[in-house]
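What follows is the residue order along each chain.
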Amino acid sequence: MARTPSKFTSTLIILLSLDFAHGFYRNLSPEKMGLKQERLSHLHFYLHDIVSGSNPTAIRVAAAPTTNSSATGFGFVAMMDDPLTEGPEPNSTLVGKAQGFYASASQNEVGLLMVLNFVFMEGKYNGSTLSVVGRNKVFSEVREMPIVGGSGLFRFARGYAQAKTHLFNLTNGDTIVQYNVYVIHY
């Protein structure tokens with residue numbers, strides 16, 4: 001014999017169905033989600049892209065048949081787990097990692113598609129991340145890429161990252177890049 005729902009269960013079902021009356025979405029109050037006033041933060045650090053030696057932090061994982069004959073390396077893809085440090089020295093304090101990939105996406109100039117997370121491991125932002133998806137025109141003095149989101153203290157983040165090459169080793173390809181990141185978050 002089938003049981004009839006209790007008055008409480010019936011009321012709860014009606015209330016929940018009203019909350020999603022428009023289908024698959026509902027409006028939420030930012031305050032009820034724990035979101036406070038937005039802040040603008042400036043982060044400054046150095047990314048160490050190490051492609052040489054016995055323990056590289058970035059490695060080529062794919063290439064097109066024509067990549068090696070392309071003036072721009074068009075078609076290569078590299079995965080990275082690059083250290084982020086307070087200063088440009090390799091032994092400077094580690095503040096996080098840049099994890100993701102970059103790919104040569106231009107046939108006419110060295111332009112990389114960057115898809116990465118800045119994963120912070122130190123201080124106030126320990127455990128938080130910022131997500132970057134954008135174009136890196138490598139030989140420009142300063143490159144700007146959008147911050148498209150984040151997690152932890154950077155939930156709902158937006159902003160931009162400016163990259164400037166600090167050091168490029170022509171012999172082995174290792175690179176140190178200075179980052180200034182401006183991010184709006186709660």
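Values in this document were obtained by computation on a predicted structure and should not be read as measured data. (Residues numbered from 1 in each chain as written. Predicted model: local features only at pLDDT ≥ 70, side-chain atom pairs only at ≥ 80, totals over all residues. Heavy atoms only, no water.)

**Things to note about the environment of Asn108**
- Relative to the helices and strands, Asn108 is located in the loop between strand 4 (94-104) and strand 5 (111-120).
- For the pair formed by Asn108 and Gly73, sequence separation is 35 residues and the distance between their alpha carbons is 10.0 Å. (Helix = DSSP H or I, 4+ residues; strand = E, 2+ residues; numbered from the N terminus.)

**What to know about unusual backbone geometry**
- For Phe156, which is not glycine, the phi dihedral falls at a positive 70 degrees.
- Tracing the backbone shows Phe156 in the loop between strand 7 (143-151) and strand 8 (158-168).
- Phe156 sits in the partly exposed class, given a relative accessible area of 49%. (Buried < 20%, exposed > 50% of the residue type's maximum accessible area, 1.4 Å probe, protein only.)

**Brief notes about the pattern of salt bridges**
- According to the stated counting rule, one finds 5 salt bridges in the structure shown.
- The partner of Glu38 in a salt bridge is Arg158, with the nearest N and O atoms 2.9 Å apart. Of this pair, Glu38 sits in the loop between helix 1 (7-19) and strand 1 (39-49) while Arg158 is found in strand 8, placing the two residues 120 residues apart along the sequence.
- One salt bridge in this structure joins Lys164 and Glu141, with 3.6 Å as the shortest N-O distance. Pair noted here: Lys164 is in strand 8 and Glu141 is in the loop between strand 6 (129-137) and strand 7, with a separation of 23 residues, a long-range link.
- On the basis of relative accessibility, which here comes to 35%, the residue Lys164 falls in the partly exposed class.
- Overall, Glu141 belongs to the exposed group, its relative accessible area being 58%. (Salt bridge = Lys/Arg side-chain N within 4 Å of Asp/Glu carboxyl O.)

**What about the nonpolar core?**
- Within the largest apolar cluster, 29 residues are counted, with the highest numbers of intra-cluster contacts made by Leu43, Phe45, Phe118, Leu130, Tyr179 and Val181.
- Of all the elements in the fold, those that place two or more residues in this core are strand 1, strand 3 (77-85), strand 4, strand 5, strand 6, strand 7, strand 8 and strand 9 (175-185).
- When residues in this core are grouped by element, the largest group, 5 residues, is from strand 5.
- Val181 has contacts with Ser41, His42, Leu43, Phe45, Phe118, Leu130, Ile147, Tyr160 and Ala161, leaving out every residue within four places of it along the chain. (Core = buried A, V, L, I, M, F, W, Y, C linked by side-chain atoms within 4.5 Å. Contact = heavy atoms within 4.5 Å.)

**Some points on the packing of aromatic side chains**
- Taken as a whole and assessed by the stated rule, the structure comprises 9 aromatic pairs.
- Ring geometry for Phe120 and Phe154: centres 5.9 Å apart, planes at 55 degrees, overall tilted. Here Phe120, found in strand 5, pairs with Phe154, found in the loop between strand 7 and strand 8; they are 34 residues apart in sequence, far enough to count as distant. Neither Phe120 nor Phe154 differs from the other in exposure class; each is buried. (Phe/Tyr/Trp six-rings, centres within 6.5 Å; stacked < 30°, edge-to-face > 60°.)

**Considering the side chain of Ser41**
- Along the polypeptide, Ser41 turns up in strand 1.
- A relative accessible area of 12% means that Ser41 is categorised as buried.
- Separated by 3.3 Å, the side chains of Ser41 and Tyr125 make a polar contact.
- Contacts of Ser41, omitting those with residues within four sequence positions, involve Tyr125, Val181, Tyr182, Val183 and His185. (Polar contact = N/O pair within 3.5 Å; in protein donor to acceptor, adjacent residues only side chain to side chain.)

**Looking at the environment of Gly134**
- Residue placement: Gly134 occurs in strand 6.
- Given a relative accessible area of 12%, Gly134 falls into the buried group.
- Along the sequence, Gly134 and Leu112 sit 22 residues apart, while their C-alpha atoms lie 8.2 Å from each other.
- Residues in contact with Gly134, not counting those within four places in the same chain, are Leu112, Leu113, Met114, Met145 and Pro146.

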